[in-house]
Amino acid sequence: MESAPVVRVTVVDPAAGRSQRFLVRADAGPATLDPAAQVALDADDPAAGGLTLELDTATVEEVRGGLLTGSQAVMSGRVRIIGGAWADLNPVATAALHQGTPPGQPGVPAGPDVVAVLGAPNDVRGNLSVMAAGRTTHAAVLAGRTGAALVLTGGTGRHFNPTGQPHWVYCRDHLARRDLLGVPVLACLDSRHTYEDLLLLREVTTRHRIRSTVLVTSDYHEPRVRYLAGLVLPGAVVHGISHPELTGEHLARLRAHERTALGQVVAAALLFGPDRLLAPPARTDLGWAVRWTP
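Residues numbered from 1 in each chain as written. Predicted model: local features only at pLDDT ≥ 70, side-chain atom pairs only at ≥ 80, totals over all residues. Heavy atoms only, no water.

A. Region of interest: the sheet that holds strand β9 (residues 237–241). Spatial strand order, β9-β8-β5-β6-β7-β11-β10: seven strands in an open sheet with mixed pairing. The open sheet has two edge strands with one neighbour each: β9 and β10 (282–285). On average, each strand axis in the sheet is tilted by 20° relative to the strand beside it, whichever way the strands run. Packed on one face of the sheet, helix α5 (residues 167–177) meets β6 (149–153), β7 (185–189) and β11 (290–293) and runs near 135° to β6. (Pairing = 2+ DSSP bridges. Helix = DSSP H or I, 4+ residues; strand = E, 2+ residues; numbered from the N terminus. Axes fitted to C-alpha atoms, helices over the stretch in contact; angles between N-to-C directions. Contact = heavy atoms within 4.5 Å.)

B. The arrangement of the nonpolar core in detail. With 54 residues, the main nonpolar core has L53, L89 and L215 as its most contacted residues. Of the residues forming this core, the biggest block, eight residues, is contributed by helix α8 (residues 248–272). Judged by nonpolar contacts, the second largest core, of 19 residues, contains V117, A140, L142 and V185. (Core = buried A, V, L, I, M, F, W, Y, C linked by side-chain atoms within 4.5 Å. Buried < 20%, exposed > 50% of the residue type's maximum accessible area, 1.4 Å probe, protein only.)

C. Seen up close, helix α1 (residues 57–64). Listed as buried for α1 are T59, V60 and V63. Taken end-on, α1 shows its buried residues confined to a sector of 100°, consistent with a single buried face. In this fold, the buried residues of α1 make contact with β1 (6–13), β3 (51–56), α2 (70–75) and α8. Of the residues one or two after α1, G66 is the one with positive phi, at around 75°. (Arc of directions from axis to C-beta.)

D. Spotlight on the pairing of β9. When strand β8 (residues 213–218) meets β9, the two strands line up parallel, connected through five bridges. Paired with T217 across the two strands is G240, which belongs to β9. This β-α-β element, β8 to helix α7 (residues 222–232) to β9, shows right-handed connectivity. (Right-handed = clockwise from strand over helix to strand, strands pointing away.)

E. Representation of the packing of helix α4 (residues 130–146) against α5 in the model. Two elements in contact, α4 and α5, have axes whose closest approach is 10 Å; the angle formed by their N-to-C orientations is 60°. The orientation of α4 relative to α5 falls into the category oblique. Between α4 and α5 lies a crossing of right-handed hand. Judged by residue contacts, A132, A133, T136, T137 and A140 of α4 engage H167, C171, H174 and L175 from α5. (Parallel < 35°, antiparallel > 145°, perpendicular 65-115°, else oblique. Left-handed = near helix turned anticlockwise from the far one by under 90°.)

F. Region of interest: the side chain of R224. Relative to the helices and strands, R224 is located in helix α7. The exposure class of R224 is buried, given its relative accessible area of 10%. Residue contacts for R224: discarding those within four places in its chain leaves T194, H257, E258, A261, L262 and V265.

G. Geometry of the pattern of salt bridges. If you walk through the whole model with that rule in mind, you get nine salt bridges. Linking R64 and E61 is a salt bridge whose minimum nitrogen-to-oxygen distance equals 3.1 Å. Here the residue R64 and the residue E61 both occupy positions in helix α1, the gap between them amounting to three residues, near one helical turn. Accessibility expressed as a relative area gives 46% for E61, which makes it partly exposed. (Salt bridge = Lys/Arg side-chain N within 4 Å of Asp/Glu carboxyl O.)

H. Focus on unusual backbone geometry. Positive phi is not limited to glycine here, since D179 has a value of about 55°. Mapped onto the secondary structure, D179 falls in the loop between α5 and β7. Overall, D179 belongs to the exposed group, its relative accessible area being 72%. Although it is not a glycine, R209 sits at a positive phi angle of roughly 55°. When you line up the elements, R209 lands in the loop between α6 (194–207) and β8.

I. Focus on the pairing of β7. When you tally the buried positions in β7, you get five out of five residues, the bulk of the element. Strand direction decides the pairing type here: β6 and β7, joined by four bridges, are parallel. Across the sheet, the residue bridging to V151 is A187, located in β7. Viewed along the sheet, the connection from β6 through α5 into β7 turns out right-handed.

Functional significance is not addressed by these values, which are geometric in nature.
Take a look at the structure:
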């Protein structure tokens, strides 16, 4: 296993014209970004080699104040990485995953309470991508076989669903056309990204006292889901499925995206700890399920 990298954090205060630097050992938990709780990093310290995460004091205060999440800060470009690429932080996730259950083990439990399908792209007409259709069908069949309730995820977002309807609506319709809606649907989550999938799902499982949850996603997406589940939904089993219909070129692009995205969520966790919902989610009774909206 690769050793976790040493990451230097530089917090810039533009108004004061100065910066504060900290050394974060990436396997030692999130940084506090608090000068009173950190030892300032000497410019000549040999441990200063490696990666640097740079952000300003306004970003730190906005995350602390609940105006944006750590992941939003990183993915919006308000945190820069210097001396490498985001994927260079992936050994941190690898170390965290090795502390838990190795990929593929122990498999799907015999009788989970809930099977949640994580959203994937649909087009402007609501047609599900190969990934979304495969995940949704697999989750419904798995829920039916094991007696679990189903949770559908995915709201709207430019990067995965550019329509006016939530992604889960198209997943439900996909299942209805295939007579796969015989299983009870516990909840539909208007989530906008993977982190929000899991944060809203945590709200659902807490309210319903769910003991066993299976997360269905694609195999290329599995490492990021497992890392995030370890942060906010420990104990959930991540079940990654393959998509033989994808070309090698398409799959390579998806894997490259995942390497970058995983590094970004690692950076956010190192700087700020796990994301949290910025406001209590709203709940709407649909009659056949409950809709959760962040």
